Amino acid sequence: MADLVPSFTFADLQNLRASQYVSAVGLVVLLWDHFLTLHDEIELIWRARLSFPKVLFLFNRYAVPTCLIVLTYVVCGQADKRGLHTDFLQSCQAWFGVGIVIGMVSIGTSNFLILLRLWVLWDRRTRLVVITLSLFLITQITAIVCTTYVVLSMMPFMIFEPYMHSCMLTQKVNFVVLWAPGVIVFEVMIFITTWWNALDKPLAQHTKMTKVMYRDGSIYFFVSGRLRLSNLILSIVSPLSLIFLGVFFIWSACNVTLSRLVINLRRAAIEAEEDNLQLADAQGSWPFSSRQGSCVSENYELQSQGPDTDICTSFSPSVTSITM
């Protein structure tokens, strides 16, 4: 183990301390935003019926902060104040391995949640669904292979440094293969197809959802794309002491933008349904138009009660629900 003990210059110590502070800031931002949006989450998400997309959202909502709390603890100089170096060495290797896996899974589930909503705006056009789903599966399979390679490559060089009370690497690992295939490529594809769809006129029942998707979706892609690109660049050009500078902060920021996007989409779906129900009352066409309003909500995946699928389908043949 002697050859794995790092020696630090003053610049290295400054870089490591900067990485610790940035990681801690990212966690604080994530937890504070979680607190701010907790009421909306309870009202809009928890009251929705159980479904696969809902489970994916809640996984991102709670697994990511839990993992980041542990990882921030082991990199920010608070670990092992009692000298249990061997135990913490094993913890470093285990938690960083688990953290990378959970991180890539959270990115994959985030991309899939965005994809589900884009399919709604595209009225589930078969060609677009097949193309985007195929690319999603290819990038995720590639990401699984790359994640396995990175975890196995990283373990021999992960140590617990007792002076810094922190887990760290003694040698740079090729993180480029971790970020490039399943993250950058897929997000560029999604961004292009989203704005391609913006050139078409959405159906009237999609108008409110479209505005939210383009407003918050643009913020999501801008934030996550820029930050993950920064992660990619840092993994290439940064010295070893800055290798984790943006990783945890970027993970936190991407989780915040995803949560707000999904919550705002859910709110827009409820408002669209309420508008349709009010219009139905005003026109005296109840209860048929109320079915129409419920179909609108069903298309945005997070409703507490779903209408009769046959009635929805007969009213709007292009609609196939993906419920949450």
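Numbers given for residues are sequential positions, taken from 1 along each chain in its written order. Reporting in this predicted model follows two pLDDT cut-offs: at least 70 for local features of residues, and 80 or more for side-chain atom pairs to be given and counted; totals over whole chains, interfaces and linings ignore these cut-offs and use all residues. Note: side-chain values were computed over all heavy atoms of the structure, leaving out hydrogens and water.

Student: Which residues make up the pattern of salt bridges, and what are the values?
Tutor: Take a side-chain nitrogen of Lys or Arg and a carboxyl oxygen of Asp or Glu: if they are within 4 Å of each other, that pair is a salt bridge. Applying the stated criterion to the full structure yields four salt bridges. Among the ionic pairs, R267 bridges to D40, the shortest N-O distance being 2.9 Å. Residue R267 is found in helix α7 (residues 247–283), and its partner D40 is found in helix α1 (residues 10–46); the two are separated by 227 residues along the sequence. Note that E43 is salt-bridged to R47, the shortest N-O span being 3.3 Å. Relative accessible area decides the class of each residue, using a 1.4 Å probe on protein chains only: under 20% of the type maximum gives buried, over 50% gives exposed, and in between gives partly exposed. Judged by its relative accessible area of 31%, E43 falls in the partly exposed class. Among the residues examined, R47 registers a relative accessible area of 54% and is labelled exposed. The helix and strand labels rest on DSSP assignments: H or I over at least four residues marks a helix, E over at least two residues marks a strand, and numbering proceeds from the N terminus.

Student: Describe helix α4 (residues 126–154), listing the residues and the values that go with them.
Tutor: Between its terminal C-alpha atoms α4 stretches 41 Å, which fits the 42 Å expected from 29 residues at 1.5 Å a residue. Among all positions in α4, only L128, V129, T132, F136, T139, Q140, A143, C146, T147, V150, V151 and M154 are buried. Multiplying one less than the number of residues by 1.5 Å gives the expected span of a helix.

Student: Tell me about the environment of F175, residues and numbers included.
Tutor: With respect to the element layout, F175 can be found in the loop between β2 (166–169) and α5 (176–198). Along the sequence, F175 and V151 sit 24 residues apart, while their C-alpha atoms lie 9.8 Å from each other.

Student: So what about the packing of aromatic side chains? Which residues, and what values?
Tutor: When the centres of two rings from Phe, Tyr and Trp lie within 6.5 Å, Trp using its six-membered ring, the rings pair. Their planes under 30 degrees apart give stacked, over 60 give edge-to-face, and anything left gives tilted. Under the defined criterion, the tally for this structure stands at eight aromatic pairs. Summarising the aromatic geometry, the rings of F96 and F244 are spaced 5.3 Å apart at their centres and angled 40° between planes, so their arrangement reads as tilted. Placement of F96 in helix α3 (residues 85–121) and of F244 in the loop between α6 (207–237) and α7 is noted, with a sequence separation of 148 residues between them. Both residues of the pair, F96 and F244, belong to the buried class. Residues F112 and W119 carry aromatic rings whose centres are separated by 6.3 Å and whose planes lie at 90° to one another, so their mutual orientation is edge-to-face. For the pair F112 and W119, one class covers both residues: buried. Following the ring pairs from residue to residue traces out a cluster consisting of F52, F112, W119 and F136.

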